[in-house]
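Report on the structure
Read off the chains here:
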Amino acid sequence: MKKMLVIGAGFLQDFVIQKAASMGYDTLAVDADPEAIGLTHAHKHAVINIVDEKACLEYAKQEQIDGVLTATTDYGVLTASYIAENMGLPGLKYEVAQLIKNKYRVRKCLYEHHVDDTEQAFEVNAETDIEELVQKLTYPVMVKPCDGSGSRGASRVDNASDLPKACQFAMNGSITHRAEIESFIDGTEYGAESLVINGEIHVLSIMKKWMTEPSYYAELGHAIPCGLPVDIEKKAKDCVTNAIKVLGINHGSVNMDMLITTDGKVYIVDIGARMGGNMIGPCIIPYGTGIDYVGAMIQNAVGDPVDLSVHEHEAVATKLLAFEYGIIKKMPDMKALENRYGVEIYHHMTKGMTVNEYHTNLDGCGYIVAKGKTVDEAETKALKVLETIKTEAF
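Residues numbered from 1 in each chain as written. Predicted model: local features only at pLDDT ≥ 70, side-chain atom pairs only at ≥ 80, totals over all residues. Heavy atoms only, no water.

**Comments concerning the overall build of the protein chain**
In terms of regular secondary structure, the protein chain is built from 12 helices and 18 strands. A compact globule built from 394 residues should have a C-alpha radius of gyration of about 21 Å, and the protein chain, at 21 Å, falls within 12% of that. Considering only C-alpha atoms, the protein chain reaches an extent of 60 × 50 × 45 Å along its principal axes. Buried residues in the protein chain amount to 57% of all 394 residues. The long-range fraction of contacts in the protein chain, counting pairs at least 24 apart against all pairs at least 6 apart in sequence, stands at 63%. Split by element, the accessible area of the protein chain, about 17,000 Å² in all, is 48% carbon and sulfur. In the protein chain, which carries 37 positive and 55 negative side-chain charges, the distance between the mean positions of the two groups comes to 2 Å. (Helix = DSSP H or I, 4+ residues; strand = E, 2+ residues; numbered from the N terminus. Rg over C-alpha atoms; globule rule 2.2 N^0.38 Å. Buried < 20%, exposed > 50% of the residue type's maximum accessible area, 1.4 Å probe, protein only. Contact = heavy atoms within 4.5 Å. Areas by Shrake-Rupley, 256 points an atom, 1.4 Å probe, with all protein chains shown as cover. Lys, Arg positive; Asp, Glu negative; His and termini not counted. Charge placed at Lys NZ, Arg CZ, Asp CG, Glu CD.)

Quick look at the structure:
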């Protein structure tokens, strides 16, 4: 029985841990939180911070693992790559993992290779002369941390006077205290999910996205099909493929966010060398494309033959359980709602819980997953359930 190590054991990683176990792999997990839900479902686990590469490698060697991966979080990418490279396992090259962690270096690489339609990009750190930089920019711009995920620290800047504050906000949200500045694009955001197997790139899907209004730009849900014209969807997939090539991503899952304008310009705004969050792996890709994405990702990590065969599928739409600030006064009957509307609800809501106003993915309380003949049908179901939960809980 091959041993599979998952870096991170939170709610979304737990789907990967349970899937690996169900496929017959001896499943191990590490996480700094001893209460992480995925640790309870792993055959074996250790309480280790997932950014501690050496400690995680020591554990992996001790357990003589056959494969390693991380999912839904950028913070485990370097560690998974470090382990794979040091143990001669299938994995992302460590130097590529280091590149992907730096959003500015990624943006600079894509710009220099004309992968998309990007026009300007700058990096900011504590030594940057902001007053000099403000004169070089064409506004509006987006400012965001050079590392991290989940829209934390990102904001739009419309004039020079607001740039210093936005840069500080972004640097405060960065582990390395660095920020990236790029053109603000007036477009619609889409997601892309890919899997690289033995160097071969498979773009699994372009996904429609719903986002919050400015200034937080946080995800509210995804859908497949994406609804783009065929030629624009092809252009988006070509941009994804070319980005993966020029960045040297040789293995594993790749999650991208992109903005597409009404005149068909494509701008890649974020790349993660791991499976996307917000139910993309366990629900959105398999329900919308018929591909067992998580299963394929696990097979790829341990070097087994990868099954990308397409099974029955239909339109899918998700909505985050995103609310205004408040206290949950009553718990809705989630199981009854699932049965009534034919949806799936995943949540961590409890009676008496204080809920933050939704600004980033960390403020979300869970997900509603709905299927239908069309995206509109699936979205309508999800929205009805969301409104019912809001009404009953608050």
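**So, the pattern of salt bridges**
Under the definition given, this model contains 23 salt bridges. A salt bridge links Lys2 to Asp304; the shortest N-O distance between them is 2.7 Å. Residue Lys2 is found in the segment before strand S1 (3-7), and its partner Asp304 is found in the loop between helix H10 (293-302) and strand S14 (315-320); the two are separated by 302 residues along the sequence. The partner of Glu219 in a salt bridge is Lys209, with the nearest N and O atoms 2.6 Å apart. One end of the pair, Glu219, is in strand S11 (residues 219-224); the other, Lys209, is in strand S10 (residues 200-211), and 10 residues separate them in sequence. Judged by its relative accessible area of 4%, Lys209 falls in the buried class. One connected set of salt bridges, linked through shared partners, spans Arg107, Asp116, Lys144 and Glu182. (Salt bridge = Lys/Arg side-chain N within 4 Å of Asp/Glu carboxyl O.)

**Here we look at the pairing of S10**
The pairing of strand S9 (residues 188-197) with S10 spans eight bridges and is antiparallel. Counterpart to Tyr190 in the pairing with S10 is Lys208. (Pairing = 2+ DSSP bridges.)

**As for the packing of aromatic side chains**
Applying the stated criterion to the full structure yields five aromatic pairs. Seen from their ring centres, Phe11 and Phe15 are 5.4 Å apart, and the 85° between their planes marks the pair as edge-to-face. Placement of both Phe11 and Phe15 in helix H1 (residues 11-22) is noted, with a separation of four residues, approximately one turn of the helix. A relative accessible area of 37% means that Phe11 is categorised as partly exposed. Taken together, Phe11, Phe15, Tyr346 and Tyr367 form an aromatic cluster joined through their ring pairs. Directly above the ring of Phe184 sits Arg156, whose terminal nitrogen or CZ lies 4.1 Å from the centroid. In this structure, Lys319 is placed above the aromatic ring of Trp210, and the distance from its NZ or CZ to the ring centre is 3.5 Å. (Phe/Tyr/Trp six-rings, centres within 6.5 Å; stacked < 30°, edge-to-face > 60°. Lys NZ or Arg CZ within 6 Å of the ring centre and 35° of its normal.)

**Some remarks on the nonpolar core**
Grouped together as the largest cluster of nonpolar side chains are 52 residues, with contacts concentrated most on Leu5, Val30, Ile83, Leu247, Ile249, Met256 and Ile271. When residues of this core are assigned to their parent elements, the largest contribution, seven residues, is made by helix H8 (residues 230-247). Beyond its immediate stretch of four places on either side in the chain, Val30 contacts Leu5, Val6, Ile7, Gly8, Ala9, Leu39, Ala46, Ile48, Ile50, Cys56 and Tyr59. (Core = buried A, V, L, I, M, F, W, Y, C linked by side-chain atoms within 4.5 Å.)

**Concerning helix H5 (residues 103-112)**
Within the span of H5, buried status applies to Lys103, Tyr104, Val106, Arg107, Cys109 and Leu110. The secondary structure elements touched by the buried residues of H5 are helix H4 (94-101), strand S5 (121-124), strand S6 (141-145), strand S8 (179-183), H8 and strand S13 (266-272).

**A word on the sheet that holds S11**
Within a beta sheet, neighbouring strands are joined by backbone hydrogen bonds and run either parallel or antiparallel to one another. What the eight strands build is an open sheet, ordered S13-S12-S9-S10-S11-S14-S18-S16; its pairing is antiparallel. The sheet is open, and its two edges are formed by S13 and strand S16 (343-347), each paired on a single side. Strand-to-strand twist in this sheet, taken as the mean axis angle between neighbours without regard to direction, amounts to 25°. Sheet topology places S11 next to S14; two bridges connect them, and they run antiparallel. Following the sheet pairing, Ile224 is matched in S14 by Val316. Those strands touched by helix H9 (residues 280-289) are S9, S10, S11, strand S12 (252-260), S14, S16 and strand S18 (366-372), and its axis lies near 100° from that of S10. (Axes fitted to C-alpha atoms, helices over the stretch in contact; angles between N-to-C directions.)

**Quick word on the packing of H5 against H8**
Where H5 meets H8, the axes come as close as 10 Å, and the angle between the chain directions of the two elements is 110°. With respect to H8, the axis of H5 lies roughly perpendicular. Two packed elements cross with a definite hand, and for H5 against H8 that hand is right-handed. Only Ala243, Val246 and Leu247 of H8 make contact with H5, whose side of the interface consists of Val106, Cys109 and Leu110. Among the residues forming the contact of H5 with H8, the class breakdown is six nonpolar, no polar and no charged. (Parallel < 35°, antiparallel > 145°, perpendicular 65-115°, else oblique. Left-handed = near helix turned anticlockwise from the far one by under 90°. Nonpolar A, V, L, I, M, F, W, Y, C, P; charged D, E, K, R; others polar.)

**Overview of the environment of Glu392**
Counting through the fold element by element, Glu392 comes out in helix H12 (residues 375-393). Setting aside residues up to four positions removed in sequence, Glu392 forms contacts with Lys330, Pro332 and Asp333.

**Some points on the sheet that holds strand S3 (residues 44-47)**
Across the sheet, which stays open at both edges, the four strands sit in the order S3-S2-S1-S4 with parallel pairing between neighbours. Looking at which strands have only one partner, the edges of the open sheet turn out to be S3 and strand S4 (67-70). Across the sheet, the axes of successive neighbouring strands diverge by a mean angle of 20°, strand direction being ignored. The pairing of strand S2 (residues 26-31) with S3 spans four bridges and is classified as parallel.

**A short note on the state of the cysteines**
All chains considered together, the criterion is met by zero disulfides. With no disulfide of its own, Cys146 lies 10 Å from the sulfur of Cys167, the closest cysteine sulfur. The exposure class of Cys167 is buried, given its relative accessible area of 1%. (Disulfide = S-S within 2.5 Å.)

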